[in-house]
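Read off the chains here:
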Amino acid sequence: MQRRRSSAAFTVVVSVVLVVGALVMGLVLFLSGAPGALAVGLVLAALPVAPLIGVYMWLDRYEPEPRSLLLLALGWGAFVATSVALLLQLADTAVLGTGEGFASAVVAPVTEEATKGLFILLLLFFRRHELDGVLDGLVYAGMVGIGFAFTENILYLTSAYAGEDGMPGGFSDAVGLFVVRGIFSPFAHPFFTSFIGIGVGLAVTSRSWAVRVLGPLVGYLLAVAAHGAWNGSLVLDDGANAFATYLFLMVPAFLLLSGFAIWSRRRERAVLTRALDDCARRGFLDPAEVPWLARISARRFARRYAERAGGQQGRRVMATYQNEAVELGFLHHRYLRGVAPADFAARGQSHVEVMRALRPGLLWPQPTAGAQPRLPVVEQPSRGAR
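Keep in mind the model is a prediction, meaning the values are calculated, not measured.

J.: Quick question: what am I supposed to make of the pattern of salt bridges here?
T.: Throughout the structure, instances matching the rule amount to nine salt bridges. Here R127 and E130 are joined by a salt bridge, their closest N and O atoms 3.4 Å apart. Under the relative-accessibility criterion, R127 is labelled buried at 12%. With a relative accessible area of 11%, E130 lands in the buried category. Across the pair D278 and R282 runs a salt bridge, and its minimum N-O distance is 2.5 Å. Of the residues examined, D278 reaches a relative accessible area of 13% and is grouped as buried. Linked through salt bridges whose partners overlap, the residues forming this network are D278, R281 and R282.

Below you can see the structure in the form of structure tokens.
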């Protein structure tokens, strides 16, 4: 009951804020330039979005997050984080009269990372059961950052096309800016906010109260520092140090973070295998099912086989069973680490009951122990997945 109330509260709060943020950003975009300039900005800003989303969906393959939450994360970054950060920066300029350099290097990183990171903190408080570790934090941080960059790029590219600060404008200026923002630094905002995602992911999986408290805070400070270093290099000394900062600081840091994300993704297979093996020993599933659940290629092969043998219904049953088993596995992993959510027993029992109800309709590629073989054995997934 408490989990349902928290989920409902999260959905209501985020939905209302999204609507308000969309209205604010819609007005800002409407006033940002002529329709032609806005159209150019919109099209160019949209080009990197699909490839960026594809990267984070690839990271999210072992335990896919709910698509509705990923869409909310994109919307939060595109509408809420951008509009609130813009309002805070306008208030800073009006009240404190902060100069352009300080505003770009300090005020913007502080406000933008706070508004982006707020979504991940809301997940931590209201939908904690959706966060199973660092990789989940990285995925949600990435989605928020992609949404934020999309809207911010529209504003910058529209201004570049329309011309400002003595610049002639036009399509060539817009394309030139797109090369800088959309090709050389498309991961900038997802990269900055990833530190918050890592901090929240560590907080979820740690038994230490210090890590639970300091993880998100340190992550936020690192996000602000990385964001500030990049923005500062663009405005200080007329951007004379921008290339050096990009080449010797941002690129190595991004590569290290990318390597960490890939390592975390590979680690999830081992984590899931151990957790499902323990679930099997406790009788929650058949031990022979584990190889078909822990490997992504095996899952795909099993779904294809179920579709060939039982049509779309067979595929749906297999896919649902796999999703339930994977959720059970990661929940059980948190239980084994001593960091399970308060309602883990009820959630685990729910997964087990759904799996039990689906099991009679499963069409495995090979007979599993304790089950009557339905179909002849076919080739192993290592061959079929090639």
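Once you've had a look at it, read on.
J.: Mind showing me how you'd approach the nonpolar core here?
T.: Nonpolar side chains in soluble globular proteins tend to be buried together. Counting 45 residues, the largest nonpolar core has F10, V14, W76, F119 and Y140 as the members making the most contacts within it. Listed by contribution, the elements that provide at least two residues to this core are α1 (2-31), α3 (49-59), α4 (67-96), α5 (100-126), α6 (134-162), α8 (188-205), α9 (209-235) and α10 (242-281). Broken down by element, the residue count for this core peaks at 10 residues, all from α6. What V14 contacts, discounting residues up to four positions off in sequence, is L72, W76, F119 and L122. Grouped together as the second largest cluster of nonpolar side chains are 28 residues, A280, A306, M318 and L358 included.

J.: Sorry, what's going on with unusual backbone geometry here?
T.: For residues that are not glycine, phi is negative in most cases, and the peptide bond is trans in most cases. Of note, D237 is a non-glycine position whose phi angle comes to about 55°, a positive value. Mapped onto the fold, D237 is located in the loop between α9 and α10. Accessibility expressed as a relative area gives 59% for D237, which makes it exposed.

J.: How should the side chain of D278 be read in this particular structure?
T.: Looking at the element boundaries, D278 is found in helix α10. Polar contacts involving the side chain of D278 include one to the side chain of R282, which spans 2.5 Å. Polar contacts involving the side chain of D278 include one to the side chain of H332, which spans 2.6 Å. Once residues lying within four places of it in the same chain are set aside, the contact partners of D278 are H332 and L336.

J.: Is there a simple way to explain a nonpolar patch on the surface in this structure?
T.: Where nonpolar side chains cluster on the molecular surface, the patch consists of W209, V213, L214, L217, V218, L221 and L222 and spans about 710 Å² of accessible area. Exposure remark for L214: the relative accessible area of 44% places this residue in the partly exposed category.

J.: Help me understand the packing of α8 against α10 in this model?
T.: The angle between the axes and the distance between the axes are what describe a pair of packed helices. Contact geometry for α8 and α10: axes closest at 11 Å, N-to-C directions at 40°. One finds that α8 runs oblique with respect to α10. Of the two elements, α8 crosses α10, and the hand of that crossing is left-handed. Here F191, F192, S194 and I198 of α8 lie close against α10, whose contacting residues are M250, A253, F254, L257 and F260.

J.: Sorry if this is basic, but what is going on with the packing of α3 against α6 here?
T.: In contact at an axis separation of 9 Å, α3 and α6 are set at 175° when each is read in the N-to-C sense. For the element pair α3 / α6, the angle class is roughly antiparallel. Contact with α3, carried on its side by V49, L52, I53, Y56, M57 and L59, involves L135, L138, V139, G142, M143, I146 and F150 of α6 and no other residues of that element. Residue composition of the contact of α3 with α6, grouped by class: 12 nonpolar, one polar and no charged.

J.: Would you mind going over the packing of aromatic side chains with me for this structure?
T.: To describe a pair of aromatic rings, one takes the distance between the centres and the angle between the planes. Under the criterion given, the structure shown has 11 aromatic pairs. With a centroid separation of 6.2 Å and 75° between ring planes, the pair formed by F191 and F254 is classed as edge-to-face. One end of the pair, F191, is in helix α8; the other, F254, is in helix α10, and 63 residues separate them in sequence. Overall, the relative accessible area of 27% leaves F254 in the partly exposed class. Taking 5.2 Å as the distance between ring centres and 25° as the angle between the ring planes, the aromatic pair formed by Y335 and F344 counts as stacked. Since its relative accessible area comes to 29%, F344 is described here as partly exposed. Through a chain of ring-to-ring contacts, three or more aromatic side chains come together here, namely F187, F191, F192, F195 and F254. Here the basic side chain of K116 rests over the ring of F148, its NZ or CZ set 5.2 Å away from the ring centre.

The rules behind the values
- Residues numbered from 1 in each chain as written.
- Predicted model: local features only at pLDDT ≥ 70, side-chain atom pairs only at ≥ 80, totals over all residues.
- Heavy atoms only, no water.
- Salt bridge = Lys/Arg side-chain N within 4 Å of Asp/Glu carboxyl O.
- Buried < 20%, exposed > 50% of the residue type's maximum accessible area, 1.4 Å probe, protein only.
- Core = buried A, V, L, I, M, F, W, Y, C linked by side-chain atoms within 4.5 Å.
- Helix = DSSP H or I, 4+ residues; strand = E, 2+ residues; numbered from the N terminus.
- Contact = heavy atoms within 4.5 Å.
- Polar contact = N/O pair within 3.5 Å; in protein donor to acceptor, adjacent residues only side chain to side chain.
- Patch = residues over 30% accessible without salt bridge, like charges linked within 9 Å, V, L, I, M, F, W, Y side chains within 5 Å.
- Areas by Shrake-Rupley, 256 points an atom, 1.4 Å probe, with all protein chains shown as cover.
- Axes fitted to C-alpha atoms, helices over the stretch in contact; angles between N-to-C directions.
- Parallel < 35°, antiparallel > 145°, perpendicular 65-115°, else oblique.
- Left-handed = near helix turned anticlockwise from the far one by under 90°.
- Nonpolar A, V, L, I, M, F, W, Y, C, P; charged D, E, K, R; others polar.
- Phe/Tyr/Trp six-rings, centres within 6.5 Å; stacked < 30°, edge-to-face > 60°.
- Lys NZ or Arg CZ within 6 Å of the ring centre and 35° of its normal.

These values are about where atoms sit, not about what they do.
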